[in-house]
Amino acid sequence: MRKCSLENINSVFAKIAEKAALYLPVDGDDGKASFTKWAEGKEWSDALNTVRSPKDFFFPQVEDLMRFKTEGKNIEITDIREESEDFVIFGVRGCDVKSFDILDRVFLSAPVDSYYASRREHGIIVSVACTRPSETCFCKSFGIDPAAPAGDVTCRKCEKELFWQANTEKGEALLKSIEEYTEECSSEAVDAVTEKINKIMAKLPLAGLDTKAFGGGKTKEFFDRPEWAELSEACLGCGTCTFVCPTCQCYDIKDFNTGNGVIRYRCWDSCMYSEFTKMAHGNNRLTQKERFRQRFMHKLVYYPENNDGLFSCVGCGRCLSRCPISMNIVKVMKKLGGEN
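(A) Region of interest: the overall build of the chain. For the chain, the count of helices and strands is eleven helices and twelve strands. Relative to the 2.2 N^0.38 estimate, which gives 20 Å for 340 residues, the radius of gyration of the chain is 22 Å and therefore close to what a compact globule would have. Taken over the C-alpha atoms alone, the chain extends approximately 65 × 60 × 40 Å along its principal axes. Within the chain, buried positions represent 48% of all 340 residues. A separation of at least 24 residues holds for 71% of the contacts in the chain among residues at least 6 apart in sequence. Entry remark: accessible area of the chain is about 17400 Å², with carbon and sulfur atoms responsible for 47%.

(B) Fine view of a negative patch on the surface. Taken together, the side chains of Glu 83, Glu 85, Asp 86 and Glu 121 present a region of like negative charge at the surface. Residue Glu 85 is classed as partly exposed on the basis of its relative accessible area of 40%.

(C) Expanded view of unusual backbone geometry. In this structure, Pro 111 follows Ala 110 across a cis peptide bond, with omega equal to -5°. For Pro 111, the position within the fold is in the loop between α2 (94–107) and α3 (114–122). Its identity is not glycine, yet Asp 308 carries a phi of approximately 55°, on the positive side. For Asp 308, the position within the fold is in the loop between α9 (288–306) and α10 (318–322). Although it is not a glycine, Ser 326 adopts a positive phi angle of roughly 60°. Note on placement: Ser 326 falls in the loop between α10 and α11 (329–337). With a relative accessible area of 39%, Ser 326 lands in the partly exposed category.

(D) View of α3. All of the buried residues along α3 are Tyr 115, Tyr 116, Arg 120 and His 122. Against β4 (62–71), β6 (87–92), α2, β7 (123–128), α4 (169–177) and β12 (262–268) lie the buried residues of α3. Between a side-chain oxygen at the N-terminus of α3 and the backbone nitrogen of Tyr 115 the separation is 3.1 Å; the capping residue is Asp 113.

(E) The arrangement of α2 in detail. Relative to the 20 Å expected for 14 residues at 1.5 Å per residue, α2 spans 20 Å between its end C-alpha atoms, a close match to the ideal helical length. Burial analysis of α2 places ten of its 14 residues in the buried class, which makes it a mostly covered element. The set of residues buried in α2 consists of Gly 94, Cys 95, Asp 96, Val 97, Ser 99, Phe 100, Ile 102, Leu 103, Asp 104 and Phe 107.

(F) Just the packing of α9 against α11, in detail. Put simply, α9 and α11 touch, their axes get as near as 11 Å, and they point 80° apart. Comparing their axes, α11 and α9 come out roughly perpendicular. Across the interface between the two elements, Phe 292, Phe 296, Lys 299 and Leu 300 from α9 touch Ile 329, Val 332 and Met 333 from α11.

(G) How the structure looks around the nonpolar core. One finds Phe 138, Trp 228, Phe 292, Leu 300, Ile 329 and Val 332 to be the most contacted residues of the largest nonpolar core, which totals 30 residues. Elements supplying a minimum of two residues to this core: α7 (227–232), α9, α10 and α11. Considering each element in turn, this core owes the most residues, six residues, to α9. Leaving out residues up to four positions away in the same chain, Trp 228 has contacts with Phe 222, Phe 223, Lys 289, Phe 292, Arg 293, Phe 296, Met 297, Val 332 and Leu 336. In terms of nonpolar packing, the next biggest core, distinct from the first, is built from 24 residues, Val 12, Leu 24, Phe 90 and Leu 174 among them.

(H) Examining the side chain of Ser 232 more closely. Along the chain, Ser 232 turns up in helix α7. Of the polar contacts made by the side chain of Ser 232, one reaches the backbone oxygen of Ala 229; its length is 3.4 Å. Leaving out residues up to four positions away in the same chain, Ser 232 has contacts with Gln 288, Lys 289 and Phe 292.

(I) Geometry of the pattern of salt bridges. This model, assessed by the stated rule, comprises 20 salt bridges. With its nearest N and O atoms 3.3 Å apart, the salt bridge here joins Lys 15 to Glu 180. Pair noted here: Lys 15 is in helix α1 (residues 9–17) and Glu 180 is in the loop between α4 and β10 (183–184), with a separation of 165 residues, a long-range link. On the basis of relative accessible area, Lys 15 is assigned to the partly exposed category, the value being 23%. For the salt bridge of Asp 46 with Lys 157, the shortest nitrogen-to-oxygen distance reads 3.2 Å. Note that Asp 46 is positioned in the loop between β3 (33–37) and β4 and Lys 157 in strand β8 (residues 153–157), a separation of 111 residues in sequence. Looking at Asp 46, the relative accessible area reads 42%, which means it is partly exposed. Connected through salt bridges with shared partners, the residues Glu 63, Asp 113, Arg 119 and Arg 266 form a single ionic network.

The rules behind each value
- The numbering scheme is per chain: residues are counted from 1 as the chain's sequence reads.
- A pLDDT threshold of at least 70 governs which residues receive local features in this predicted model, and a stricter bar of 80 or more applies before side-chain atom pairs are shown or counted, although totals over entire chains, interfaces and linings include all residues.
- Hydrogens and waters are ignored; side-chain quantities use all the structure's heavy atoms.
- Helix and strand labels come from DSSP, where a helix needs a run of H or I of at least four residues and a strand needs a run of E of at least two; each type is numbered from the N terminus.
- Taken over C-alpha atoms, the radius of gyration is set against a globule rule of 2.2 Å times the number of residues to the power 0.38.
- Residue burial is assigned from relative accessible area. The probe radius is 1.4 Å, only protein chains are included, and a residue is buried under 20% of its type maximum, exposed over 50%, and partly exposed in between.
- Contacts are residue-level and defined by heavy atoms, with any inter-residue pair within 4.5 Å sufficient.
- Here the open area of atoms and residues is found with the Shrake-Rupley method and a 1.4 Å probe, where only the protein chains shown may cover a residue.
- To count toward a patch, a residue needs a relative accessible area over 30% and no salt bridge; like charges are then connected within 9 Å, while nonpolar side chains (Val, Leu, Ile, Met, Phe, Trp, Tyr) are connected within 5 Å.
- The term salt bridge refers to a side-chain nitrogen of Lys or Arg lying within 4 Å of a carboxyl oxygen of Asp or Glu.
- We treat Lys and Arg as the positive residues and Asp and Glu as the negative residues; His and chain ends play no part in the count.
- Taken as the charge centre is NZ of Lys, CZ of Arg, CG of Asp or CD of Glu, depending on the residue.
- Counted as a polar contact is a pair of N or O atoms within 3.5 Å, where, for protein atoms, one must be capable of donating a hydrogen and the other of accepting one, and residues adjacent in sequence contribute only when both atoms are in side chains.
- Multiplying one less than the number of residues by 1.5 Å gives the expected span of a helix.
- Throughout, an axis means a line fitted to C-alpha atoms (over the contacting stretch in the case of helices), and angles, computed between N-to-C directions, take values from 0 to 180 degrees.
- Every angle not falling under 35 degrees, over 145, or within 65 to 115 is termed oblique; those three ranges are roughly parallel, roughly antiparallel and roughly perpendicular.
- Residues enter a nonpolar core if they are buried and are Ala, Val, Leu, Ile, Met, Phe, Trp, Tyr or Cys, with the set joined through side-chain atoms within 4.5 Å.

Written as structure tokens, this is what we have:
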């Protein structure tokens with residue numbers, strides 16, 4: 001384990017940025033943090049979490065896939081991808097790091113999504129432990145430790161110092177590159193930070209949220225529950241929950257005629273939309289109740305059934321804070337799981 005002074009953190013950032021693009025949470029004019037490319041003058045935000053998750057780095061909201069032209073029966077296809085740059089994402093919280101495991105099982109399973117795989121190969125994830133978890137956090141319900149997040153490098157922030165711990169070969173190489181700004185240290189200060197975080201987590205409103213009622217093999221038990229009608233009644237179908245979610249992976253593929261060929265691109269989509277997967281035959285989920293049910297059944301039942309019990313939620317709390325009608329996965333879990 002190594003440490004550096006927070007007074008020198010910008011020198012560390014500058015050193016990292018010499019060899020790779022560096023992105024970190026930066027406060028915008030609205031006071032909300034978002035991942036921004038670091039440059040002199042950019043200050044690392046102290047916000048608990050960014051408004052949008054860092055999944056954009058590996059699965060962008062809009063992404064060009066290819067270009068093609070047609071002349072008669074001939075089709076000319078052009079691969080428009082460029083070699084991905086090496087990049088470092090600094091300041092990723094434990095919940096968001098876990099989301100990459102969930103996305104990996106989707107995009108890196110056969111057939112592998114080469115666009116996603118290339119970005120994963122070039123990216124280095126530096127996580128930072130949560131020193132001030134929020135009342136909307138419930139990551140521990142899904143087995144995530146906010147005091148010891150995963151990633152290529154794990155960082156813990158104390159009052160005057162930042163502690164670095166490499167977890168992978170990528171992480172070791174990164175720490176080697178900033179060695180002149182860090183020094184070897186013991187884990188005593190980190191142990192104190194960990195204890196403090198765990199005490200906070202134990203007192204949060206959602207600390208007792210239980211997942212035992214859910215998981216694979218529960219489709220028959222939950223699918224026809226009458227509570228779905230009540231839970232979905234006020235849903236606007238706006239898709240906000242899916243767009244701020246770090247684990248949602250639905251997308252649509254479209255063609256755009258530029259007048260000089262066609263660009264095929266993909267963009268995020270939402271199972272909460274009435275036109276999601278709509279084709280010539282129509283849509284197989286005709287009501288908002290059915291669409292609402294699909295979203296939460298996927299996260300709590302379908303995904304764990306096909307992925308060794310891993311839930312497709314990381315408890316980041318973004319949907320709790322962003323839903324305009326205050327409906328979220330916690331309320332669904334409590335209602336269907338029998339909690340008050």
